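Coordinate analysis (summary)
The chain contents come next:
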Amino acid sequence: MAPKADNTEGIVLNFVNEQNRPLNVQNAADSLQKFNLKKAAVQKALDNLCDSGKISFKEYGKQKIYLARQDQFDIPDSEELNRMKEENAKLQENLDEQKKAISEVDAEMKSLQSNLTLEEINAKESKLRKEVDEMEKKLIKLREGVTLVSPEERKAIEGLYSEALNQWRRRKRMFRDVWDAITENSPKNPKEFKEELGVEYDEDVGVSFQSFADLMQHGKKRR
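Worth saying up front: this structure is predicted, and the values here are computed from it rather than measured.

Calculation criteria
- Residues numbered from 1 in each chain as written.
- Predicted model: local features only at pLDDT ≥ 70, side-chain atom pairs only at ≥ 80, totals over all residues.
- Heavy atoms only, no water.
- Patch = residues over 30% accessible without salt bridge, like charges linked within 9 Å, V, L, I, M, F, W, Y side chains within 5 Å.
- Areas by Shrake-Rupley, 256 points an atom, 1.4 Å probe, with all protein chains shown as cover.
- Salt bridge = Lys/Arg side-chain N within 4 Å of Asp/Glu carboxyl O.
- Lys, Arg positive; Asp, Glu negative; His and termini not counted.
- Charge placed at Lys NZ, Arg CZ, Asp CG, Glu CD.
- Helix = DSSP H or I, 4+ residues; strand = E, 2+ residues; numbered from the N terminus.
- pLDDT = per-residue confidence, 0-100.
- Core = buried A, V, L, I, M, F, W, Y, C linked by side-chain atoms within 4.5 Å.
- Buried < 20%, exposed > 50% of the residue type's maximum accessible area, 1.4 Å probe, protein only.
- Contact = heavy atoms within 4.5 Å.
- Polar contact = N/O pair within 3.5 Å; in protein donor to acceptor, adjacent residues only side chain to side chain.
- Pairing = 2+ DSSP bridges.
- 1 Å grid on protein atoms, 1.4 Å probe; cavity = no way out; pocket = protein on both sides within 12 Å on 5 of 7 lines; lining within 4 Å.
- Points joined across faces, edges and corners; volume = space filled by probe spheres on them.
- Nonpolar A, V, L, I, M, F, W, Y, C, P; charged D, E, K, R; others polar.
- Axes fitted to C-alpha atoms, helices over the stretch in contact; angles between N-to-C directions.
- Left-handed = near helix turned anticlockwise from the far one by under 90°.

Glancing now at a positive patch on the surface. Together, R169, R170, R171 and R173 make up a positively charged patch on the protein surface. Along the polypeptide, R169 turns up in helix α6 (residues 151–184).

Mean pLDDT for the protein: 83, with 92% of residues reaching 70 or above. By mean pLDDT, the top-scoring element of the protein is helix α3 (residues 39–51) (93), and the lowest-scoring one is helix α8 (residues 209–222) (70).

This part covers the nonpolar core. Ranked by internal contacts, the top residues of the largest apolar core, which has 19 residues, are V12, V16, L32, V42, L46 and I55. Among residues more than four places away in sequence, those in contact with L46 are V12, V16, V25, A28, I55 and Y66.

Glancing now at the side chain of N24. Positionally, N24 belongs in the loop between α1 (5–19) and α2 (25–31). Of the polar contacts made by the side chain of N24, one reaches the backbone nitrogen of N27; its length is 2.7 Å.

Sheet topology note: the strand β1 (residues 55–60)/strand β2 (residues 63–68) ladder contains 6 bridges and is antiparallel. The residue of β2 that forms the bridge with K58 is I65. Hairpin connection between β1 and β2: a loop of 2 residues separates the two successive antiparallel strands, and G61 in this loop has a positive phi of roughly 70 degrees.

Here we come to the layout of surface pockets. Taken as a whole, the second largest pocket holds about 170 Å³ of empty space. If you go around the second largest pocket, the residues you meet are K172, F175, R176, V199, E200, Y201, D202 and E203. When grouped by side-chain class, the residues that make up the lining of the second largest pocket number 3 nonpolar, no polar and 5 charged.

Taken together, the side chains of E131, D133, E134 and E136 define an acidic patch exposed on the protein surface. Among the structural elements, E131 can be located in helix α5 (residues 118–143).

Okay, unusual backbone geometry next. With a phi angle near 45 degrees, N20 is a residue other than glycine that sits in the positive phi range. Mapping N20 onto the fold places it in the loop between α1 and α2. Taking relative accessible area as the criterion, N20 reaches 36% and is therefore assigned partly exposed. Its identity as a non-glycine residue notwithstanding, N36 has a phi of 60 degrees, on the positive side. Its place among the elements puts N36 in the loop between α2 and α3. Look at N36 and you get partly exposed, because its relative accessible area is 37%.

Before going further, it helps to examine the packing of α6 against helix α7 (residues 190–197). For the pair α6 and α7, the least separation of the axes is 11 Å and the interaxial angle reads 115 degrees. For the pair α6 and α7, the crossing hand works out as right-handed. Residues W179, I182 and T183 of α6 touch α7, and the partners they reach there are P190, F193, K194 and L197.

What follows is about the pattern of salt bridges. Using the criterion set out here, one finds 7 salt bridges in the structure. Between R69 and D71 there is a salt bridge, with the nearest N and O atoms lying 2.5 Å from each other. Using a relative accessible area of 34% as the deciding quantity, one classes R69 as partly exposed. Here D71 falls in the exposed class, since its relative accessible area comes to 57%. Measuring nitrogen to oxygen at the nearest pair gives 3.1 Å for the salt bridge that ties E125 to R129. Here the residue E125 and the residue R129 both occupy positions in helix α5, the gap between them amounting to 4 residues, near one helical turn.

See the structure below:
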């Protein structure tokens, strides 16, 4: 149920005075929807308030802009304005301090939330102790000269390693044969052609075939 006309004017007058800024009818109608006031009722109330001199208005073309009467407000003198500015500065400083304190509390809360719970700490400690025990057992075996890899396993691993080296050597040779055939009659500089194609030698990426081959020989000598 919509408010009565006199009550509508009272609502609109209070709103205009509280806002104390230029308003058009749409601004007022949008803000007063909570009072179940239609735009037409708000328009009528604004016009009636203007006619009675309770508010003022200015026309800009076909649009009216409504204003609260400024003579009803106490205008502070320069001394009062300075006092208000100082008070505002103090309030702003206090607000900044409060924001800083809140930020510090938030940071502390995040830090606490990121820490492990007692249950998680105990679980992690148990896991680490188990890992340490296993490593100590392996270390004891190594100190006692116990063979951790059987001769059969070692031979199988060396066979796989040797086969990998042979494949590597074979592929290097195949590439070199093809590359030499291509670049032999090519007008392009081999180095520039290599960079253009994005070709990389083992040495370009810090890999040495010979160093891996030496590892194989070194392992055989140790036995």
